[in-house]
Structures are given as C-alpha cells and as structure tokens.
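# Descriptive structure summary
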Amino acid sequence: MADGHKLEIFRGLVKFKSNTQKIWGVLAFLTLITAVEVVLGIIKPVSLTDTYVLGMKLINWIFIILTLVKAYYIAWDFMHLRDEKSSLRRAIVWTPIFLVIYLVFILLVEADYIYNVYKDGFVSWNF
Amino acid sequence: MNSTVTTGTETSIWDGGNQPLGASYGKLMMWFFLVSDALTFSGFLAAYGFSRFKFIETWPIADEVFTHVPFFHGNYPMIYVALMTFILIMSSVTMVLAVDAGHKMKKNAVTWYMFATVIGGIIFVGSQAWEWGTFIKGDHGALETKGGRILQFVKADTGERASLADFAASIPDDRIIHERKNGLWFYQEPTLTSVSLEEVVEGFKADSNILIRTEVINEEGEKTLLDRKASLAKLAEATQVVEGANLIHNEYGSRLFADFFFFITGFHGFHVFSGVVINIIIFFNVVIGTYERRGHYEMVEKVGLYWHFVDLVWVFVFTFFYLV
C-alpha cells in the first residue's frame, strides 16, 4: 500500500515503508542541512572563506548548493512533485530556473560594472 | 512522454473532463500562481543581489545585524533565525501530514494537523514581527556622514561594539521634540535621538578608548577599524546621529540593506499571514465536515501547496539575507 506515492529518496538509496515515514525522514534530512548551514555560518572556517571559486567565496557556494538541495526536497516530497507526471514537473521547475538564471546573470554583471565605476570612476560617494 | 494521455472515451474533453497533466484544474491553477509568485520573489532577491554587488565592499555583515534572541541577553548571531526556519519547516511537515491523512479520509487527524500548522504559522509571523521590532529599534547607534555613510564605534581595549550612551558626554540642552499641537501649521518632527551629535563628538574626544569603525570591509572580511587619529578626522564628517533603522536611515550600514530587509521579509511575512488565514478557513471547513461530505480532501492539498511554497521561499530568503 503506497497510495500512489513514490517512497524512495536519494535515487532509491533510502526506501520508506509509508508516506508518513517518508515525511519524517525528509524532515530529518532538512533539519540536518539547516544545522550544517547554521554551524558553518557561525564558525565560518577560514579555509572556506578564503577560497574563491568563480569569483565567490567557497562557503557561499556551499550555502547556495545546500539551499537548492533543501528546495528540491521541499518541492519533491512536501509539494508531491515526485508523484506528478514528468511533463508537469518540468514545466513547473524549468520555467523559473531559466528565467531566474537569465535575470541574475544580467543584474549581477551590471552591478559589478557599477561597482567598478564607483571605485575607479570620477564618482565620490564615501565622504 | 506521458503528457498527452487522454483517458477513456466516456469523459467529455471539451467540458474539462480530461486532465492532460494528471492534475486537477484547481491544483494546476495553484501551480500557475506559485510559479508566477516564485518569479516575483526571484525578482526581489535578484534586485537585492544587484544592490549588494554594487556596494560589495561596504555591505553590512548579517551576523553583526541579527544577534538577538528573545528573553536572552548577549550576542547570539543566527540562532533565532535558525529556530524560525525550523519552526516553518516543522509546520510544513504537519501540513503534509494533514494532506496525507486527508488522502486516507481521517477527519480527526486532518483537524489536528491543520491546527498544528496554524499554530506554527502564527509563531513564525510573531517571530518575524519581533525581528522587525528589534531591527527598527536598533542596537548600538551610529553616526551618519554627509555622504550617507555610517560610522560605528568600538571599544579599543576589548574590540566590542560601543553604544552611543556608553561614552556620549552629557550637555544640557533645551531642545525638545516639536509637536504638532505646538506648531503654527501642521508641522511635526520625528522623535529626537537619545543623544545629540555634539554629545557624541564631545564624548568621543574625551574617551580615548573609543575608535571608529567604517563600513568598508577589509581583506579579512571584517569592517575596517580606524586608529585614534583617523577616527578623530573622520568624526568631523559626521552630520547626524542614527539610532535604529528605517527606510531612510540605517545604523547597521547601507540603507539599501534595510530597504530590502523590510521589502523582502515583509512580502514573505505577508504571504505567511495570508497562509495562516487560509489555513484557518480550511481548518474550520474540515471541522464542520465540508470535505468529508465532498468525498475528498483536495482543498487541503491545494492550500498545502501554497503553505509549502511559503516555506520554500523562506529557505532562499534565509540563505541570501542571513547566511551568504
């Protein structure tokens, strides 16, 4: 008896007996990730804050990736996207992802340019 | 691809009888709304990223802004907001348990899980309000320069932040708040700061243990601390005292930080508030047996989608406002 729910997470690595059990399992996982984020945010290991990957601190990449992991499990298991048809799932997920990547790319590049204008240009703002 | 399955010939295609994506009309419309709402929030967060990259060297450090926990004194960065995150995830769990119980037509279980969800939502909104109150009230106070930059104060011996009241001189002054009832016309002014600019300047000159900290972030990722001589020179540029934060002045640093804080957490808090209201309506519908008579609890599922979405957005707000 599975009520039409898919009861596997981590690509079948962990299997649950019922939907209720899966919910608690996902909660434990989300709590663990949040705890890791908070601990990293408080101690801020120097090895992670001093390493830059693609212009951003490694620790910030870790935070963003952990956030996306959390978002995945909320959408897939709490919002039941795992049980929806793949076409609906793709329509819901890829539309915002495409638009957001586009918007973020444009805005951040532009902001970096303005930062350089403030820094090197003939604009005085720190007075 | 399983998207174009048309079930059975007996369903009427043109009367909305078929479900091409396997989801009911109501659920599909909820997803339409959630995707567009997700884009709205993304717009806000991307704008936040824009302003932050623009002032990347002077942006406030969230750990130094949100340091309070209700009923506890001291410096606890992140702890309370992490607790709020957990409360919201927990209320998401009770919601999904309510949906699960609804599938099994267990009315009592749905009732109690909905009740728990509403309580979780109320606690979260209350925490949000408290967080706003703390942020608006301010912590140590600061000075603002002509160019709108913020100067904060640090005790030289301990390296701790110094509040304005710790060192400000006491200069007798007759200046009182101009109230509307005393005005010739309908003019009034905002609340005066607890110490005046002269008091801060005089107190600073008298106390050699106080140094100025500017907004600029140095190589170590900390705010730059000026030495005593540079501090005195910088002090001459100050034009006013700032205590707390609003849309125009912000003692924690860049005013844009406060603006985005109010807009994004405010917009999210509004979502949580409306989610709580909708959950309460659904709760009473469950209690009076509306869905029991209808034969299914799909309404709980649809509202559940909205509630999880609110949780999902918070996960991102938490990362970009408090962690990164």
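Owing to the predicted nature of the structure, the values given are computational and were not obtained by experimental measurement. (Residues numbered from 1 in each chain as written. Chains lettered and ligands numbered in written order. Predicted model: local features only at pLDDT ≥ 70, side-chain atom pairs only at ≥ 80, totals over all residues.)

With that settled, the discussion passes to the overall build of chain B. A count of helices and strands for chain B gives 10 helices and five strands. Its C-alpha atoms put chain B at 90 × 50 × 40 Å along the principal axes. Counting across all 324 residues of chain B, residues that qualify as buried make up 38%. (Helix = DSSP H or I, 4+ residues; strand = E, 2+ residues; numbered from the N terminus. Buried ≥ 20, exposed ≤ 12 C-beta atoms within 10 Å, placed from the backbone.)

Moving on to the overall build of chain A. Along its length, chain A carries four helices and four strands. Counting from the amino terminus, chain A carries its helices and strands in the arrangement β-β-α-α-β-β-α-α. The C-alpha radius of gyration computed for chain A amounts to 20 Å, which surpasses the reference 14 Å derived for 127 residues by more than 25%, pointing to a less compact arrangement than a globule. Here chain A, with 127 residues, has 17% of them falling under the buried criterion. Excluding contacts between residues fewer than 6 apart, the proportion of contacts in chain A whose partners are at least 24 apart in sequence is 37%. (Rg over C-alpha atoms; globule rule 2.2 N^0.38 Å. Contact = placed C-beta atoms within 7 Å.)

Mean pLDDT for chain B: 88, with 94% of residues reaching 70 or above. Per the prediction output, this complex has pTM 0.88; the corresponding ipTM is 0.90. (pLDDT = per-residue confidence, 0-100.)

Moving on, we come to the domain arrangement of chain A. Entries for chain A in the domain assignment read domain 1 (1-83) and domain 2 (85-127). Spacing between the C-alpha centres of domain 1 of chain A and domain 2 of chain A amounts to 24 Å. (Domains from an automatic or database assignment.)

Residues and elements named next belong to chain A. Two numbers describe how helix 1 (residues 19-43) lies on helix 3 (residues 58-78): the axes approach to 10 Å, and their chain directions differ by 165°. Between helix 1 and helix 3, the angle is such that the two are roughly antiparallel. In the crossing of helix 1 with helix 3, the sense of the turn from one axis to the other is left-handed. Of helix 3, the residues touching helix 1 (which contributes K22, V26, F29, L30, I33, V36, E37 and L40) are I59, I62, F63, L66, V69, K70, Y73 and D77. (Axes fitted to C-alpha atoms, helices over the stretch in contact; angles between N-to-C directions. Parallel < 35°, antiparallel > 145°, perpendicular 65-115°, else oblique. Left-handed = near helix turned anticlockwise from the far one by under 90°.)

A few words on the interface of chain A and chain B. On the chain B side, the residues contacting the 45 residues of chain A number 44 residues. Mapped by element, the contributors of at least two residues to the side of chain A that touches chain B are helix 1, helix 3 and helix 4 (86-120) of chain A. Looking at which element gives the most residues to the side of chain A that touches chain B, the answer is helix 4 of chain A, with 17 residues. Residues belonging to the side of chain A that touches chain B are distributed by class as follows: 26 nonpolar, 12 polar and seven charged. (Nonpolar A, V, L, I, M, F, W, Y, C, P; charged D, E, K, R; others polar.)

Splitting chain B by domain gives domain 1 (27-138 + 257-323) and domain 2 (142-243). Centre-to-centre, using C-alpha coordinates, domain 1 of chain B lies 36 Å away from domain 2 of chain B.

Before going further, it helps to examine the UniProt feature "transmembrane region" (unreviewed entry) in chain B. Residues and elements named next belong to chain B. In the UniProt entry, the feature "transmembrane region" (unreviewed entry) is given for residues 28-50, 78-98, 110-130, 260-291 and 303-323. The straight-line gap between the two end C-alpha atoms of residues 28-50 is 33 Å; of that span, 100% is helix and 0% is strand. In this annotation, residues 78-98 is assigned 95% helix and 0% strand; the end-to-end C-alpha distance for the span is 30 Å. (UniProt positions renumbered as here; feature names shortened; annotations may be inferred.)

Bringing unusual backbone geometry into the picture now. Here A:H80, not a glycine, exhibits a phi torsion of approximately 60°, which is positive. For A:H80, the location among the structural elements is in the loop between helix 3 and helix 4. According to the C-beta neighbour criterion, A:H80 is buried, with 22 such atoms within 10 Å. If you check the backbone angles, B:F71 has positive phi at about 70° while not being a glycine. Take B:F71: it is sitting in the loop between helix 2 (62-65) and helix 3 (79-103). Exposure remark for B:F71: the 5 C-beta atoms within 10 Å place this residue in the exposed category.

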